[in-house]
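Topology and contacts: notes
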Amino acid sequence: MRPATQNRHEQVDCGARVSVIREALALTGTEFAALVQPKLFTKFDKSKLSRLETGKRALNAREAFVIADLDPEQRGVRWLVLGEKEKRR
(Lines give C-alpha, C1' and ligand atoms only; values in the text may rest on other atoms or scores of the structure.)
Protein backbone atom coordinates (compact mmCIF):
# COMPACT_ATOMS: atom_id res chain seq x y z
CA MET A 1 0.00 0.00 0.00
CA ARG A 2 1.42 3.39 -0.94
CA PRO A 3 1.47 6.34 1.45
CA ALA A 4 -1.52 8.68 1.15
CA THR A 5 0.84 11.63 0.72
CA GLN A 6 2.46 10.29 -2.44
CA ASN A 7 0.37 10.22 -5.61
CA ARG A 8 1.24 8.21 -8.72
CA HIS A 9 3.03 11.14 -10.40
CA GLU A 10 5.18 11.69 -7.30
CA GLN A 11 6.01 7.96 -7.18
CA VAL A 12 7.22 8.08 -10.79
CA ASP A 13 9.36 11.16 -10.08
CA CYS A 14 10.78 9.58 -6.92
CA GLY A 15 11.54 6.39 -8.83
CA ALA A 16 13.41 8.39 -11.44
CA ARG A 17 15.54 9.91 -8.67
CA VAL A 18 16.32 6.40 -7.36
CA SER A 19 17.53 5.60 -10.89
CA VAL A 20 19.69 8.74 -10.90
CA ILE A 21 21.43 7.58 -7.72
CA ARG A 22 21.92 4.02 -9.01
CA GLU A 23 23.28 5.25 -12.34
CA ALA A 24 25.60 7.75 -10.60
CA LEU A 25 27.09 4.78 -8.79
CA ALA A 26 27.42 2.94 -12.14
CA LEU A 27 25.60 -0.09 -10.74
CA THR A 28 23.19 -2.51 -12.36
CA GLY A 29 19.82 -3.08 -10.72
CA THR A 30 21.07 -6.35 -9.27
CA GLU A 31 24.23 -4.72 -7.87
CA PHE A 32 22.32 -1.78 -6.38
CA ALA A 33 19.72 -4.07 -4.78
CA ALA A 34 22.53 -6.17 -3.30
CA LEU A 35 24.06 -2.99 -1.83
CA VAL A 36 20.76 -1.75 -0.36
CA GLN A 37 19.31 -5.03 0.95
CA PRO A 38 21.66 -5.65 3.92
CA LYS A 39 21.04 -2.13 5.23
CA LEU A 40 17.26 -2.69 5.24
CA PHE A 41 17.25 -5.98 7.17
CA THR A 42 14.51 -7.18 4.82
CA LYS A 43 14.22 -8.55 1.30
CA PHE A 44 15.15 -5.99 -1.35
CA ASP A 45 15.85 -7.40 -4.78
CA LYS A 46 16.08 -6.30 -8.41
CA SER A 47 12.32 -6.76 -8.85
CA LYS A 48 11.49 -4.46 -5.93
CA LEU A 49 14.02 -1.92 -7.23
CA SER A 50 12.47 -2.06 -10.70
CA ARG A 51 9.01 -1.36 -9.27
CA LEU A 52 10.44 1.62 -7.34
CA GLU A 53 12.26 3.03 -10.36
CA THR A 54 9.18 2.76 -12.59
CA GLY A 55 6.87 4.32 -10.01
CA LYS A 56 4.81 1.16 -9.50
CA ARG A 57 5.74 1.09 -5.83
CA ALA A 58 6.37 3.85 -3.29
CA LEU A 59 9.47 4.09 -1.14
CA ASN A 60 9.01 3.40 2.53
CA ALA A 61 10.82 5.57 5.06
CA ARG A 62 13.66 3.14 5.76
CA GLU A 63 14.33 2.66 2.02
CA ALA A 64 14.32 6.41 1.48
CA PHE A 65 16.97 6.99 4.16
CA VAL A 66 19.17 4.08 3.02
CA ILE A 67 19.02 5.01 -0.67
CA ALA A 68 19.53 8.73 -0.01
CA ASP A 69 22.59 7.87 2.06
CA LEU A 70 24.11 6.12 -0.99
CA ASP A 71 23.75 9.20 -3.19
CA PRO A 72 27.26 10.30 -4.19
CA GLU A 73 26.03 13.91 -4.38
CA GLN A 74 24.44 13.68 -0.90
CA ARG A 75 21.26 15.53 -1.95
CA GLY A 76 19.33 14.05 0.97
CA VAL A 77 16.02 12.36 1.66
CA ARG A 78 14.01 15.49 0.86
CA TRP A 79 15.44 15.51 -2.67
CA LEU A 80 14.88 11.79 -3.11
CA VAL A 81 11.26 11.83 -1.97
CA LEU A 82 10.11 15.32 -2.98
CA GLY A 83 12.66 16.54 -5.49
CA GLU A 84 13.71 19.41 -3.24
CA LYS A 85 17.20 20.18 -1.96
CA GLU A 86 17.80 20.00 1.78
CA LYS A 87 17.72 23.42 3.41
CA ARG A 88 20.92 24.39 5.20
CA ARG A 89 20.55 25.74 8.72
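As a reminder, the structure under discussion sits directly above these lines.
Analysis parameters
Residues numbered from 1 in each chain as written. Predicted model: local features only at pLDDT ≥ 70, side-chain atom pairs only at ≥ 80, totals over all residues. Heavy atoms only, no water. Helix = DSSP H or I, 4+ residues; strand = E, 2+ residues; numbered from the N terminus. Buried < 20%, exposed > 50% of the residue type's maximum accessible area, 1.4 Å probe, protein only. Contact = heavy atoms within 4.5 Å. Phe/Tyr/Trp six-rings, centres within 6.5 Å; stacked < 30°, edge-to-face > 60°. Lys NZ or Arg CZ within 6 Å of the ring centre and 35° of its normal. Core = buried A, V, L, I, M, F, W, Y, C linked by side-chain atoms within 4.5 Å. Salt bridge = Lys/Arg side-chain N within 4 Å of Asp/Glu carboxyl O.

**So, the overall build of the protein**
Helices and strands together make up the secondary structure of the protein, namely five helices and zero strands. In the protein, the succession of helices and strands from N to C terminus is α-α-α-α-α. Buried residues in the protein amount to 38% of all 89 residues. Taking the intrachain contacts of the protein between residues at least 6 apart in sequence as the baseline, contacts between residues at least 24 apart amount to 50%.

**Details of unusual backbone geometry**
A positive phi angle, near 55°, is found at A26, a position not held by glycine. Locating A26 in the fold gives a position in the loop between α1 (8–24) and α2 (29–40). We classify A26 as exposed; its relative accessible area is 65%.

**Some words on the environment of V81**
In this fold, V81 is placed in helix α5 (residues 77–82). Each C-alpha atom of the pair V81 and V18 lies 9.2 Å from the other, and the pair is 63 residues apart in sequence.

**Points about the packing of aromatic side chains**
Taken as a whole, this structure holds zero aromatic pairs when the rule is applied. Above the ring of W79, the side-chain terminus of R75 is found at 4.0 Å from the ring centroid.

**What to know about the nonpolar core**
With 18 residues, the main nonpolar core has V18, F32, V36, F44, L59, I67 and L80 as its most contacted residues. Tallying contributions element by element places helix α4 (residues 61–70) first for this core, with five residues.

**Remarks on the pattern of salt bridges**
Scanning the entire structure with this criterion turns up seven salt bridges. The closest approach of N and O atoms between E53 and R22, which form a salt bridge, is 2.7 Å. Residue E53 is located in helix α3 (residues 46–53), and its partner R22 is located in helix α1; the two are separated by 31 residues in the primary sequence. In this pair, the class of E53 matches that of R22, namely buried. The shortest N-O distance in the salt bridge between D45 and K43 comes to 3.4 Å. Overlapping salt bridges bring together R22, E23 and E53 as one network.

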